[in-house]
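# Topology and contacts: notes
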Amino acid sequence: MEEMGLLRGALRAVLSNEEDMEVVADVAQVGELLTVVRREQPDVVVLGLDLDVPDQLRVVERIGAVAPDTGVLAMSGRWRPTAMQAAAAVGVRGFISKDGPPDELVRMVRSLAAGERVIDPLAAVAVLGPPRSPLTGRETEVLRAAAEGLPLKEIARRLYLAHGTVRNHLSVIMRKTGTRNRLEAIRRAQRDGWL
């Protein structure tokens, strides 16, 4: 959480230094955001988007209802096609990487305030070229069956493999995906578009 506070402070400093911009609020909790947006009716909301935060997309959708002229600029450290699609579906009009230069942030805020849609080059590259799957075709089949919740014996039966072979495939999958268990491997593969 401390990292997010530092990031918000840096964003506030960058935007406040622009003569034509005024930062009207710095909100730590997404739950407070709607109250602030309703009261201030800002031109742009810069939001650190984390789809693991419950209800975050619902809040973004509500921004469109309470302040239809407010553009939402979503910021993430790692964009995925599925995350961008979900965010765009609820009304996000701009996408920026946390690693982007400050002048790009300023330019994008101005563009959003003018009613445009924007995407920074780092976010575009992430979406256009998602990470390639490190998994072989057979490993993907095993993980897909595991994602259905099948026990090892059923995965082995369905894929015509030995029980030990399925266990070995899952071990290799976890090593390749840098995960600790089957559930984490499934989530990682789904998040990165490999399943």
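What comes next is a walk through the structure. Chains are numbered independently. Their residues run from 1 in the order of the written sequence. For a predicted model such as this one, the threshold for reporting local features is a pLDDT of at least 70, and the threshold for listing and counting side-chain atom pairs is 80 or more; totals across whole chains, interfaces and linings nevertheless cover every residue. Side-chain measures were taken over the full set of non-hydrogen atoms in the model, leaving aside hydrogen atoms and water.

## Topic: the pairing of strand β3 (residues 94–97)
Counted only if it meets this: Partly exposed residues are those whose accessible area sits between 20% and 50% of the maximum for their type, while under 20% is buried and over 50% is exposed, using a 1.4 Å probe and protein chains only. Numbering goes from the N terminus for both helices and strands, where a helix is a DSSP run of H or I of at least four residues and a strand is a run of E of at least two. We call two strands paired when DSSP finds no fewer than two bridges between them. We call a crossover right-handed when, viewed with both strands directed away from the observer, the connection leading from the first strand over the helix to the second proceeds clockwise.
Of the two faces of β3, the one lined by G94 and I96 and the one lined by F95 and S97 are each fully buried. Relative to β3, strand β2 (residues 71–76) is paired through four bridges, and the arrangement is parallel. Looking across to β3, one finds that L73 is bridged to G94. Two strands pair when backbone bridges link them, and β3 and strand β4 (residues 118–119) are joined in this way by two bridges, in the parallel orientation. Note that in β4 the partner of G94 across the bridge is V118. As for the winding sense of the linkage, the β-α-β connection from β3 through helix α5 (residues 102–113) to β4 is left-handed.

## Some thoughts on the packing of helix α9 (residues 163–177) against helix α10 (residues 182–191)
Short version of the rule: Each axis is a line fitted through C-alpha atoms, taken for helices only over the stretch in contact, and angles between the N-to-C directions span 0 to 180 degrees. Note that the term roughly parallel is reserved for angles under 35 degrees, roughly antiparallel for angles over 145, roughly perpendicular for angles of 65 to 115, and oblique for everything else. Handedness of each helix crossing follows the sense of rotation of the near helix against the far helix: counterclockwise by less than a right angle gives left-handed, clockwise gives right-handed. Any two residues having at least one pair of non-hydrogen atoms within 4.5 Å are treated as being in contact. Each residue gets one label: Ala, Val, Leu, Ile, Met, Phe, Trp, Tyr, Cys and Pro are nonpolar, Asp, Glu, Lys and Arg are charged, and the others, such as Gly, are polar.
As a packed pair, α9 and α10 sit with axes 10 Å apart at the nearest point and diverge in direction by 55 degrees. Accordingly, the angle class assigned to the pair α9 and α10 is oblique. Crossing angle aside, the handedness with which α9 passes α10 is left-handed. Together, L170, I173, M174 and T177 of α9 and R182, A185 and R188 of α10 make up the contact between the two elements. A per-class count over the contact of α9 with α10 returns four nonpolar, one polar and two charged.

## With respect to the sheet that holds strand β1 (residues 44–48)
The strand order across the open sheet built from four strands is β1-β2-β3-β4, with neighbouring strands paired in parallel fashion. The two strands at the open ends of the sheet, each matched to only one other strand, are β1 and β4. Taken together, the five bridges between β1 and β2 define a ladder with parallel strand orientation. Among the inter-strand pairings, V46 is bridged to a residue of β2, identified as L73.

## What to know about the side chain of T140
Looking at where T140 falls in the secondary structure, it is placed in helix α7 (residues 137–147). You can call T140 buried: its relative accessible area is 12%. Leaving out residues up to four positions away in the same chain, T140 has contacts with L135, W194 and L195.

## Brief notes about the packing of aromatic side chains
Convention followed: Stacked, tilted and edge-to-face pairs are distinguished by plane angle, under 30 degrees for stacked and over 60 for edge-to-face with tilted covering the rest, among Phe, Tyr and Trp rings (Trp via its six-membered ring) whose centres lie within 6.5 Å.
This structure, assessed with the given rule, holds one aromatic pair. The interplanar angle of 85 degrees and the centroid separation of 5.2 Å between the aromatic rings of W79 and F95 together place this pair among those described as edge-to-face. Of this pair, W79 sits in the loop between β2 and α4 (81–89) while F95 sits in strand β3, and the two are 16 residues apart along the sequence. One exposure class covers both W79 and F95, and it is buried.

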